[in-house]
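Below are the chains, spelled out letter by letter.
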Amino acid sequence: MLSRRKLIIGSAASATALLPAAKVLGANTAPYANGRPAPSERSFRSETIDSLIREVKGKIGDKKLAALFENCFPNTLDTTVQLGTLEGREDTFIITGDINAMWLRDSCAQVWPYLPYVKQDKDLRRLFRGLIHRHATSILVDPYANAFMRDPAAKSNLEWSLKDITEMKPGVAERKWEIDSLCYSVRLSYGYWKQTGDHSVFD
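Residues numbered from 1 in each chain as written. Predicted model: local features only at pLDDT ≥ 70, side-chain atom pairs only at ≥ 80, totals over all residues. Heavy atoms only, no water.

So, the environment of Thr137
With respect to the helices and strands, Thr137 occurs in helix α6 (residues 122–141). Judged by its relative accessible area of 14%, Thr137 is buried. Here the alpha-carbon distance between Thr137 and Glu87, two residues 50 residues apart in the chain, equals 9.3 Å. Dropping the residues within four chain positions of it, Thr137 is found in contact with Leu86, Glu87 and Arg89. (Helix = DSSP H or I, 4+ residues; strand = E, 2+ residues; numbered from the N terminus. Buried < 20%, exposed > 50% of the residue type's maximum accessible area, 1.4 Å probe, protein only. Contact = heavy atoms within 4.5 Å.)

Below you can see the structure in the form of structure tokens.
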């Protein structure tokens, strides 16, 4: 059980860790800085999304809120996207925050805000097609798993998952069955098809 002392220490550590981010977003400072990685260091770039950010930011009167939008909206694209190929098909692996694994539900939710812009952006369409392929491949590996490793042959390196009493197949990061994992995968492919009319992902 978590003691009051450990809770207070943990909260203080969390607050301290957030101080640099607070400075970026303008807490008690001005002007409010762009804290995004440099363009060359971003994991994925979309001119459509960058243009949208400039447009929306220009319409937000509150500078602090404008900086928050500029830094947060593209964060998934800037920091979590890993493009490649898998089994001869386009592949997109989305890491979940600071955990180097991909949850089916979270990876769909992370890219969902960009879905309205896929029709006009071929790079975003490629990202979504790759993610749909990765979801399908992962579910075929184990429909009872909820999170996966980027390397389909890798064993889980998630400390808590190693203690689970279940059959852990290669490529599976965590095997805790969640119906929303499967539902989000259906939502992802359906949403992409509705926006683009592209049925090539249903192979």
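Let's pick the thread back up.
Some points on the pattern of salt bridges
Throughout the structure, instances matching the rule amount to 17 salt bridges. With a shortest N-O distance of 2.9 Å, Arg134 and Asp91 are connected by a salt bridge. Note that Arg134 is positioned in helix α6 and Asp91 in strand β2 (residues 89–94), a separation of 43 residues in sequence. A salt bridge links Asp180 to Arg105; its shortest N-O distance comes to 3.3 Å. With Asp180 in helix α7 (residues 179–196) and Arg105 in helix α5 (residues 104–111), this residue pair connects regions lying 75 residues apart in the sequence. Connected through shared salt-bridge partners, Arg36, Arg42, Asp50 and Asp78 make up one network. (Salt bridge = Lys/Arg side-chain N within 4 Å of Asp/Glu carboxyl O.)

What to know about the pairing of β2
Residues in a regular strand point their side chains to alternate faces of the sheet. Here strand β1 (residues 81–86) pairs with β2 via six bridges, running antiparallel. Residue pairing for β2: Gly84 is matched across the bridge by Asp91. Here β1 hands over to β2 after two residues, with Glu87 in that stretch at a positive phi of 55°. (Pairing = 2+ DSSP bridges.)

Overview of the packing of α6 against α7
At their nearest, the axes of α6 and α7 sit 10 Å apart, and the two run at 150° to each other. As summarised for this structure, α6 and α7 are arranged roughly antiparallel, according to the angle between their axes. Crossing of α6 over α7 shows left-handed handedness. Of the residues in α7, those in contact with Arg125, Phe128, Arg129, Leu131, Ile132, His135 and Ile139 of α6 are Leu182, Ser185, Leu188, Ser189, Tyr192 and Thr196. Partitioned by chemical class, the residues of the contact of α6 with α7 number seven nonpolar, four polar and two charged. (Axes fitted to C-alpha atoms, helices over the stretch in contact; angles between N-to-C directions. Parallel < 35°, antiparallel > 145°, perpendicular 65-115°, else oblique. Left-handed = near helix turned anticlockwise from the far one by under 90°. Nonpolar A, V, L, I, M, F, W, Y, C, P; charged D, E, K, R; others polar.)

Shape is all these values report; function is a separate question.
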